[in-house]
Amino acid sequence: LSSMVGMGLLTRSMLLGHVASNKIHNEEEQNLPLGILSKYSSLLLHPSRAVRHGILSLVCASCKAIGFPDTVVFVLPILQPYLKYEPSNSQMQSMVEMEMCLLPPVSRRGFLKELDHIASRRRDKIMRQGNTKSNEGTASSTWTLAGDG
């Protein structure tokens, strides 16, 4: 992906998505697509050094492509949860310097525990959605039966 950014094949909107506001004001904004950086920035704390290197390469290439004021305004808030301190614009374009700014990676055990937690929440959400749909089907058939009589 970082090579594609360098060649200009990924647009700003693909990288940043909907970042004009940190707060979701209404239901419609929840459905707006996340940018690549928002979606994958948590990989900066991945236990695998190769994965961290890949996402760091993408971040630095994106900062070079996006340019100075926008990296501070749009990219930095995305990266903030994964940083020890706020990097300068030139640091955000250097993999070596950005790596020094990052929090230490999570342990493999912590990573697997979090994956289990996320999978559990996703299963619960799917179950709730399934129950809601079956309840809606029951309600509509009840209305149909009531309307027939």
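As the structure is a prediction and not an experimental result, all values here were calculated from the model. (Residues numbered from 1 in each chain as written. Predicted model: local features only at pLDDT ≥ 70, side-chain atom pairs only at ≥ 80, totals over all residues. Heavy atoms only, no water.)

## Quick word on the nonpolar core
Working step 1: Counting 23 residues, the largest nonpolar core has Val75, Leu79 and Met98 as its most contacted members.
Working step 2: When contributions to this core are tallied by element, the ones reaching two or more residues are helix H2 (12–16), helix H4 (36–40), helix H5 (49–66), helix H6 (68–79) and helix H8 (95–101).
Working step 3: The biggest single contributor to this core is H5, with 7 residues.
Working step 4: In contact with Leu79, not counting residues within four places along its chain, are Ser41, Leu44, Val59, Met92 and Met98. (Core = buried A, V, L, I, M, F, W, Y, C linked by side-chain atoms within 4.5 Å. Buried < 20%, exposed > 50% of the residue type's maximum accessible area, 1.4 Å probe, protein only. Helix = DSSP H or I, 4+ residues; strand = E, 2+ residues; numbered from the N terminus. Contact = heavy atoms within 4.5 Å.)

## Some words on a nonpolar patch on the surface
Working step 1: Taken together, Phe68, Val72 and Val73 make up a surface patch of nonpolar side chains, about 270 Å² in accessible area.
Working step 2: Note on placement: Val72 falls in helix H6. (Patch = residues over 30% accessible without salt bridge, like charges linked within 9 Å, V, L, I, M, F, W, Y side chains within 5 Å. Areas by Shrake-Rupley, 256 points an atom, 1.4 Å probe, with all protein chains shown as cover. Salt bridge = Lys/Arg side-chain N within 4 Å of Asp/Glu carboxyl O.)

## Concerning the layout of surface pockets
Working step 1: Considered as a void within the structure, the second largest pocket measures approximately 370 Å³ in volume.
Working step 2: In this structure, the second largest pocket is lined by Lys39, Tyr40, Ser42, Leu43, Leu45, His46, Tyr82, Val106, Phe111, Glu114, Leu115 and Ile118.
Working step 3: Looking at the lining of the second largest pocket, the elements with two or more residues in it are H4 and helix H9 (108–148).
Working step 4: Sorting elements by how many residues they give to the lining of the second largest pocket places H9 first, with 4 residues. (1 Å grid on protein atoms, 1.4 Å probe; cavity = no way out; pocket = protein on both sides within 12 Å on 5 of 7 lines; lining within 4 Å. Points joined across faces, edges and corners; volume = space filled by probe spheres on them.)

## Examining the confidence of the model for the protein
Working step 1: The pLDDT averaged across the protein works out to 75; a share of 68% of its residues lies at or above 70.
Working step 2: By mean pLDDT, the top-scoring element of the protein is H5 (88), and the lowest-scoring one is helix H3 (residues 27–30) (50).
Working step 3: The low-confidence segment residues 20–28, where pLDDT is below 50, has 3 contacts with residues more than four positions distant or belonging to other chains.
Working step 4: In the predicted structure, residues 139–149 sits below a pLDDT of 50 and forms 0 contacts with residues beyond four places in sequence or in another chain. (pLDDT = per-residue confidence, 0-100.)

## Topic: the packing of H5 against H6
Working step 1: In the contact formed by H5 and H6, the axes pass within 9 Å of each other and the chain directions differ by 160 degrees. Classified by the interaxial angle, the pair formed by H5 and H6 is roughly antiparallel. For the pair H5 and H6, the crossing hand works out as right-handed. Facing Val59, Cys63 and Ile66 of H5, the residues of H6 in contact are Asp70, Thr71, Val75 and Leu79. (Axes fitted to C-alpha atoms, helices over the stretch in contact; angles between N-to-C directions. Parallel < 35°, antiparallel > 145°, perpendicular 65-115°, else oblique. Left-handed = near helix turned anticlockwise from the far one by under 90°.)

## Notes on H5
Working step 1: Over its 18 residues, H5 extends 25 Å from the first C-alpha to the last, a length consistent with the 26 Å expected when each residue adds 1.5 Å.
Working step 2: Residues Arg52, Ile55, Leu56, Ser57, Leu58, Val59, Cys60, Ala61, Ser62, Cys63 and Ile66 constitute the buried set of H5.
Working step 3: Of the residues one or two after H5, Gly67 is the one with positive phi, at around 95 degrees. (Expected span 1.5 Å × (residues − 1).)

## Thoughts on the environment of Val96
Working step 1: Inspection of the secondary structure assignment puts Val96 in helix H8.
Working step 2: The class for Val96 is exposed, based on a relative accessible area of 61%.
Working step 3: Distance in space between the C-alpha atoms of Val96 and Ser57 is 10.0 Å, their sequence separation being 39 residues.

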